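Examining the three-dimensional arrangement
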Amino acid sequence: MVPALSLAKDPAANPAMRLGFVYVPNGIIMNRWTPIGEGAGFKFAPTMQVLEPFRDRMLVLSGLAQLNGRALGDGPGDHARAGATWLTGVHPKKTGGADIHVGISVDQIAARELGKTTQLGSLEIGLESPTLAGDCDSGYSCAYTNTISWRSPTTPNPMEISPRAVFERLFGDRESTDPAARLASLNEQRSILDYIAGDVDRLKSGLGESDCGKLTEYLEAIRDVERRIQMAEEQNATLKLPVMERPPSIPEEFEEHARLMMDLMVIGYQTDMTRVASCMFAREASNRSYRSIGVPDGHHSMTHHDNDPVKIEKVVKINQLHAQTFAYLLQKMQSTPDGDGTLLDHSMILYGSSISDGNAHTHDELPLVLVGGACGQIKGGRHLRFPSETPMNNLLLTMLFKAGLHPTAKLGDSSGFLEHLSDV
Amino acid sequence: MRRVFAALFVVTLGVIAAAAQSHHSASQSPHFTGGFAPNTVVNQYCILCHSKELKTAGVVLEGLDFSRVGPNARVLERVLQKVSTGEMPPAGMPRPEAAVARRFTSWLVDALDRDAAAHPNPGRTTIHRLNRAEYSNAVRDLLALDIQAGDGLPVDDSGYGFDNVGAVLSVSPTLLERYLIVSRQVSRLAVGDPATKPEEEDFTPSEAHHAGLRKARNERVSDDLPFDSSGGTAFSYYFPLDAEYTLRVKLGGAASDDGPLPRYEVRVPVKAGLRTVGVTYLRESAEPEIVAPTSRDRFAPSPAPTPSLPAEMDVRLDGVRLKRFEVPHTGNLPRQVTDFFVAGPYNATGPGQTPSRARLFVCHPATAQDGDPCARRILATVSRRAFRRPVTDSDIRPLMAFYHVGRREGDFDQGIERALRAILVSPDFLFRIERDPARLAPGTVYRVSDVELASRLSFFLWSSIPDDELLALAEQGRLHNPVTMQRQVRRMLADPRSQALVSNFAGQWLDIRNLALSTPDPEIFPEFDETLRQAFLQETNLFFESVLREDRSVLDLLDANYTFLNQRLAEHYGIPNIYGSQFRRVALTDPNRGGLLGQGSILTVTSYPNRTSVVQRGKWILENLLGTPPPPPLPGVSQLQAQNHDGKLLTVRQQMEQHRTDPVCASCHVRMDPLGFALENYDGVGKWRVKDVGVVIDASAALPDGTRFTGPAGLRQALLNGHRDDYLQTVTEKLLMYALGRGLEYYDKPTVRGIVREAAGDNYRMSSLITAIVTSTPFQMRRTLENDHHQEVTPASHVSARPRDHAGSATARRDGASALAGQRPGG
């Protein structure tokens, strides 16, 4: 169920808090990831070394778990359950077809509130094309591995992989970013939405429940876009559109693709188009190869390394490339002024996976780092270790709280707040 | 274990007594059981575990009333499947003699099918949103605009292996925003918006991206380019207006001795519409191909470049040369085209005479007063096609409002453009909605309307909207007539639009779509490049299409003695005397190459980037050809060891054999591996080889049932001889699922068997399968909604019986696996 939220403070107040959730699949080689030592004096392990410049802004969190990623009687399918649980903490229904079901994800819970003042509730970004054919993981629907963002327990949000599409989502498809042209375009869209909303209502009459459900989804999408248009109209005069060329569709190299998408994510935050974004560096169970760093093998295949040092080394390389990409995002956010500080000061960006050991498919001791000043509510520079099997959803719940949202119910399998994020 | 057998013995005795008793009740209804008493078999062999008390796997067979098959169809279909595959009773338990088992299963088939015929259950498909391919095709057929418009939409989720499953196709705000954006692009192109601003678009031949692993082969790269060309690229581009455009080529390689390369560009007037633009080198400009250095000698000094004349490079439009450039060589090869830019429109003169305008503007207002009636005619015509049904004034009125706004702001065309945009986002266009007729009792089975049937047909065979002929027949209420139907199916299959069955059905059934995502390791497979990838795709597409177009038997897919090759692919397969880049039909003399299992596409998508995978190939066959997918691997299970304890490299076969010494692994691999072993002579990109890591490949294999065979040809015979029915049933199930856009349920099984039976009389020709499908109960009919909101489909039955059961048995084994894993040192 969706926890009801009460707002602790005016979400329009400055500085606005930004939330980000960045996912990497197939786990991480943990003994190259987990820092040595705990508390403030920790030493970086090699994979995370590249995040050193953000040390005072980050918390490394060890010991958390997404226990609902475990089989719990459902047999194989840990990758599907990993993707599905990361931001929901809910055990996904094992199905390859129609009746997919997990929980609403935390980014979407936040988007419902934080999105009230922004044009877009949230942004969903992916760096790898969804699977095009065949089964995704052991009888689980591909939706569970293709996305981490769930608008409702049954509606996955697609991860947009085309930079151009993300750009157009943020700024529209007009050749000109001139406010008048933009306004005209919004008006056109609004009249079309009015028309189709009426049509949907007409079509819904006399239909069965499941049919209606699909049309209701459509209607909700219409309302969402309408709300966005209204917001855009109100903000149109004051909006400062960024200088960015309309990007190409999808660059083939991971690095170039990633940089473009990170740029767009930052621009989305910077222009306050959205305050919530989620991003998958690759879909769960990805078997992508990374030739530019000397890994021509599939990522997933390599994570089943069975302690072969050559394979482990290749996975580490991929883990490092991902961390480096994340560092690029953080660096951009740190260098983007926002109010009295930088974007990074006013955000909480969570990075990690819902699998720790990709070889054994474990869902506890998850690799997680939380970066950003959270408007002064997080004291960084520390490695915190929590009792094993502490629900990761306690962290997600705490993040909501720090974002000014006071959840009044459990979030997935949360059992309480996570202590020590802001103290010493 | 001993205790189990002891218990079994006691129970068996008990069962005989019970059987004697139940014989009495069976004899009371001989007309139901046809003189055969199925319950004696069940009581003797099944109810030990499937008793009311034990309910093993949630299945209770004790006390089942065989005189009433219908209400028990769900469980009986499962029983039938388990017993026919020999999975039940499980190994180690008493099993009926083969003849008894056969008698039992044929009794079940007969009873279930008879009951289904008496009480047809067509199921119920939910609302169906057009997927990307359908959206693209609908735009193409609606507006004569073949621009793959759906590529601008987010990728659809798929269910049961297909992306046209209505229940899985959801709608998000992101999707709606994309609809708004794409509909504007489409309608502006269709109308030819004079306000289109110049823009520069960048096209990169995907080949150019793999710099360093690409070989500049001296061959024609695209059928759209002239015969004497080599290198370069060609693609389709939609020119929005009659106007001037700049075509510019960017080349790779270092600057020449004479300084940086000039701009290779040409500005020309182009008529609006879809045209082919390309850039080519003349063949004589390229030196004969040199063998690309392998990875090992990559850093060896390359031979001194021979000084050569500048290459001649042509920029072409629709095959006609626009301009020839002289390009300095880099090394001894022409420079690779890295980017192709199209910029424009400049100095536009008008929207031109495009097929889109011809299709859309069914009238042109001569005077201002003609405007409204003409607009009404245009919008009525296009919305009828788009909504796939007769339209009424209440459909047209809101569209006219859009027209008026556009007209006010601009002109007549702009009015149409605006209304078109609304049509393309309308739920009537984007969703296929079927409505229960009023006043039918809940749960009533009824025939869908002719108009609904027209869409069912066109989306099945064309992945697109019905054309005018189909729609007219439907509106006249004549489509459901069997003769009309048959004629329409024949016409539709002969139409090029049925190519959709190849790209959407075969592409997903056979996992060919994943070829685009395959990444063979260039160090290990240096011969693999984009050209070869395209050739693989082309081969399988042409092959499947030939079976479809020539109306061959679906058995030919496994067993054909021909395929489609060009020089490149023929060389890859080691087939001599095929020259040129054009694909042509080639009779195969090598019995190993024939059929899908000898095609590079499938052999590559079932391989890892750096090696073959016996398991993936075996799994592919079990899943896609035989319909009995193995359960997925267990986490923590040991992976293959590339070396043995002495550090000696092992063949994939040796690695697998080592892996199978683990009994947990063996239970599944005993089914998968033999199939894959037989294909080991094909390397990771489908090239024939005799050795793996220096050892001669052993392609002999034995199935659990004792069947022995060797190599691809042997495997094919084994499949056709021993598993023909499994294959036919699987093809039918896949095709039916695709046709209905929903997963199959237990009550669809009689339909599947019926289709296979019907097609048998015609040697399982494509058309006989397709005709049997479109005339089947679930395709022609629908059931009204149950009013108690009781989901007729329990969650457990959503996944077809086979995969679920395997997953279930995997769960059972999992505990054993973790126990073993726990004992393994360092596990």
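All values reported here derive from a predicted model rather than from experimental measurement. Just so you know, the residues in each chain are numbered from 1, in the order the chain's sequence is written. Labels are handed out in written order, letters beginning with A for the chains and numbers beginning with 1 for the ligands. In keeping with the model being predicted, local features are shown solely for residues with a pLDDT of at least 70 and side-chain atom pairs are shown and tallied solely at 80 or more, while totals for entire chains, interfaces and linings include all residues.

1. Comments concerning the overall build of chain A
Counting secondary structure elements, chain A contains 10 helices and 13 strands. Each radius of gyration is computed over the set of C-alpha atoms, and the globule rule expresses the reference value as 2.2 Å times the number of residues to the power 0.38. The globule rule puts the C-alpha radius of gyration for 424 residues at 22 Å, and the 21 Å found for chain A is close to it. For chain A, the spread of C-alpha atoms along the three principal axes comes to 60 × 50 × 45 Å. Residue burial in chain A is summarised as follows: out of 424 residues, 58% are buried. When contacts within chain A are restricted to residue pairs at least 6 apart in sequence, long-range pairs at least 24 apart make up 71% of them. Helix and strand definitions follow DSSP, with helices as H or I runs of at least four residues and strands as E runs of at least two, each counted in order from the N terminus. Here exposure depends only on C-beta density: within 10 Å of a residue's C-beta, 20 or more other C-beta atoms make it buried, 12 or fewer make it exposed, and intermediate numbers make it partly exposed, the C-beta atoms being placed from the backbone. A pair of residues counts as a contact when their C-beta atoms, built from backbone coordinates, are separated by no more than 7 Å.

2. Notes on the overall build of chain B
Broken down by element type, chain B carries 29 helices and 18 strands. Residue burial in chain B is summarised as follows: out of 827 residues, 47% are buried.

3. Considering the confidence of the model for chain B
All names here are of chain B. Confidence per residue, as judged by the predictor, is encoded in pLDDT with a range of 0 to 100. Looking at chain B as a whole, the pLDDT averages 82, with 80% of positions reaching at least 70. The least confident element of chain B is helix H29 (residues 801-823), whose mean pLDDT is 32; the most confident is helix H13 (residues 450-461), at 98. Segment residues 285-307: pLDDT under 50, and 24 contacts once partners within four positions in sequence are set aside and those in other chains are kept. Of the regions scoring below 50 in pLDDT, residues 788-827 engages in 60 contacts with residues more than four places distant in sequence or in other chains. Scoring of the predicted complex yields 0.84 for pTM and 0.81 for ipTM.

4. Considering the pairing of strand E3 (residues 58-65) of chain A
Residue and element names in this part refer to chain A. Burial analysis of E3 places 7 of its 8 residues in the buried class, which makes it a mostly covered element. Of the strand pairs in this sheet, E3 and strand E11 (residues 368-371) are connected by 4 bridges, and their pairing is antiparallel. Paired with Leu-61 across the strands is Leu-368, a residue of E11. Two strands pair when backbone bridges link them, and E3 and strand E12 (residues 382-391) are joined in this way by 6 bridges, in the parallel orientation. Note that in E12 the partner of Ala-65 across the bridge is Pro-391. We call two strands paired when DSSP finds no fewer than two bridges between them.

5. Examining the sheet that holds strand E4 (residues 123-126) of chain A
All names here are of chain A. Across the sheet, 7 strands lie side by side as E4-E7-E2-E10-E11-E3-E12; this open sheet has mixed pairing. Across the chains shown, the open sheet's two edge strands, defined by having one partner strand only, are E4 and E12. Averaged over all adjacent pairs, the angle separating strand axes in this sheet is 15°, with direction ignored. Where E4 lies against strand E7 (residues 276-280), 4 bridges are found, and the strand directions are parallel. Bridging from a neighbouring strand, Gly-126 pairs with Met-280 of E7. Axis definition: a line fitted to C-alpha atoms, limited for helices to the stretch in contact. Angles are taken between N-to-C directions and run from 0 to 180 degrees. Across the sheet, helix H2 (residues 106-114) lies against strand E2 (18-23) and E7, angled at about 155° from E7, the strand it touches most.

6. Section: the interface of chain A and chain B
How big an interface is tends to be stated in terms of accessible area lost as the parts join. Between chain A and chain B, the contact holds 65 residues from the first and 73 residues from the second. At the level of secondary structure, the elements contributing two or more residues to the side of chain A that touches chain B comprise helix H3 (143-146), strand E6 (155-156), helix H4 (163-171), helix H5 (179-204) and helix H6 (209-235) of chain A. Considering each element in turn, the side of chain A that touches chain B owes the most residues, 11 residues, to H6(A). Each residue belonging to the side of chain A that touches chain B can be placed in one class, and the counts come to 23 nonpolar, 23 polar and 19 charged. Each residue gets one label: Ala, Val, Leu, Ile, Met, Phe, Trp, Tyr, Cys and Pro are nonpolar, Asp, Glu, Lys and Arg are charged, and the others, such as Gly, are polar.

7. Quick word on the nonpolar core
By size, the foremost hydrophobic cluster in this structure holds 107 residues, and its most contacted members are Ala110(A), Met265(A) and Val369(A). In contact with Met265(A), other than residues within four places in its own chain, are Leu123(A), Ile125(A), Ala277(A), Cys279(A) and Leu329(A). Residues Leu515(B), Leu622(B), Leu728(B) and Met737(B) belong to the second largest nonpolar core, which totals 98 residues. Put simply, a nonpolar core is a cluster of buried Ala, Val, Leu, Ile, Met, Phe, Trp, Tyr and Cys residues tied together by C-beta atoms within 7 Å.

8. Quick notes on unusual backbone geometry
Trans is the common state for peptide bonds, and a negative phi is the common state for residues other than glycine. Note that the residue after Gly344(B), namely Pro345(B), is joined by a cis bond; omega there is -5°. Structurally, the position occupied by Pro345(B) is in strand E9 (residues 337-350). A positive phi angle is found at Asp272(A), which is not glycine, with a value near 60°. Inspection of the secondary structure puts Asp272(A) in the loop between helix H7 (254-270) and E7. Since 17 C-beta atoms lie within 10 Å of it, Asp272(A) is described here as partly exposed. Phi is positive for Asp551(B), which is not a glycine, with a value near 50°. Given 16 C-beta atoms within 10 Å, Asp551(B) falls into the partly exposed group.

9. A word on the confidence of the model for chain A
Residue and element names in this part refer to chain A. Overall, the prediction assigns chain A a mean pLDDT of 88, with 92% of residues at 70 or greater. Of all helices and strands in chain A, the one with the weakest mean pLDDT is strand E1 (residues 5-7) (44), whereas E2 scores best (98). Low confidence marks residues 1-12, where pLDDT is under 50. Its contacts with residues over four positions away, or in another chain, come to 29 contacts.

10. Focus on the sheet that holds strand E5 (residues 264-270) of chain B
All names here are of chain B. The sheet built from 4 strands is open, its strands ordered E2-E9-E4-E5 with antiparallel pairing. Either end of the sheet is taken by a strand with one partner, and the two such strands are strand E2 (199-203) and E5. Going from strand to strand, the sheet's axes swing by 20° on average, the running direction of each strand aside. The pairing of E2 with E9 spans 5 bridges and is antiparallel. If you follow Glu-201 over to E9, its bridge partner there is Val-342.

11. A few points about the packing of helix H25 (residues 724-740) of chain B against helix H26 (residues 749-760) of chain B
All names here are of chain B. Here H25 crosses H26 at 115°, and the two axes come no closer than 9 Å. For the element pair H25 and H26, the recorded crossing hand is right-handed. Here H25 contributes Leu-728, Gln-729, Thr-732, Glu-733 and Leu-736 to the contact with H26, which in turn contributes Thr-751, Val-752, Ile-755 and Val-756. Along the lines of polarity and charge, the residues of the contact of H25 with H26 split into 5 nonpolar, 3 polar and 1 charged. By the definition used in this description, the sense in which the near helix is turned from the far one sets the handedness, with an anticlockwise turn below a right angle giving left-handed and a clockwise turn giving right-handed.

12. A closer look at helix H9 (residues 371-387) of chain B
All names here are of chain B. The span expected for a helix works out to 1.5 Å for each residue beyond the first. Across its 17 residues, H9 extends 23 Å between first and last C-alpha, which sits within 8% of the 24 Å expected from 1.5 Å per residue. Here H9 has its buried residues at Ala-375, Ile-378, Leu-379, Val-382, Ser-383, Arg-385 and Ala-386. Along the axis of H9, the buried residues cluster in a sector spanning 155°; they form a single face. Buried positions along H9 lie against helix H6 (132-143), helix H8 (355-360), helix H10 (393-409), helix H11 (412-425) and helix H12 (427-430). Looking one or two residues past H9, Arg-388 carries a phi angle of roughly 60°, positive in sign. Throughout, the arc means that of the directions going from the helix axis to the C-beta atoms.

13. A short note on the packing of helix H15 (residues 482-494) of chain B against helix H27 (residues 766-774) of chain B
All names here are of chain B. Axis separation between H15 and H27 bottoms out at 11 Å; the angle between their running directions is 130°. Classified by the angle between their axes, H15 and H27 sit oblique to one another. Read as a crossing pair, H15 and H27 show a hand that is right-handed. From H15, Met-485, Gln-486, Val-489 and Leu-493 reach across to H27, where they touch Ser-767, Ile-770, Thr-771 and Val-774. Its residues assigned to classes, the contact of H15 with H27 comprises 5 nonpolar, 3 polar and no charged. Roughly parallel here means an angle under 35 degrees, roughly antiparallel means over 145, roughly perpendicular means 65 to 115, and every remaining angle is called oblique.

14. A short note on H2(A)
With 8 of 9 residues buried, H2(A) lies mostly within the body of the structure. For H2(A), the full list of buried residues reads Val106(A), Asp107(A), Gln108(A), Ile109(A), Ala110(A), Ala111(A), Glu113(A) and Leu114(A).

15. Concerning the environment of Glu220(A)
Residue position: Glu220(A) is located in helix H6. Remark: the alpha-carbon pair of Glu220(A) and Ala197(A), spanning 23 residues in sequence, is separated by 9.5 Å.

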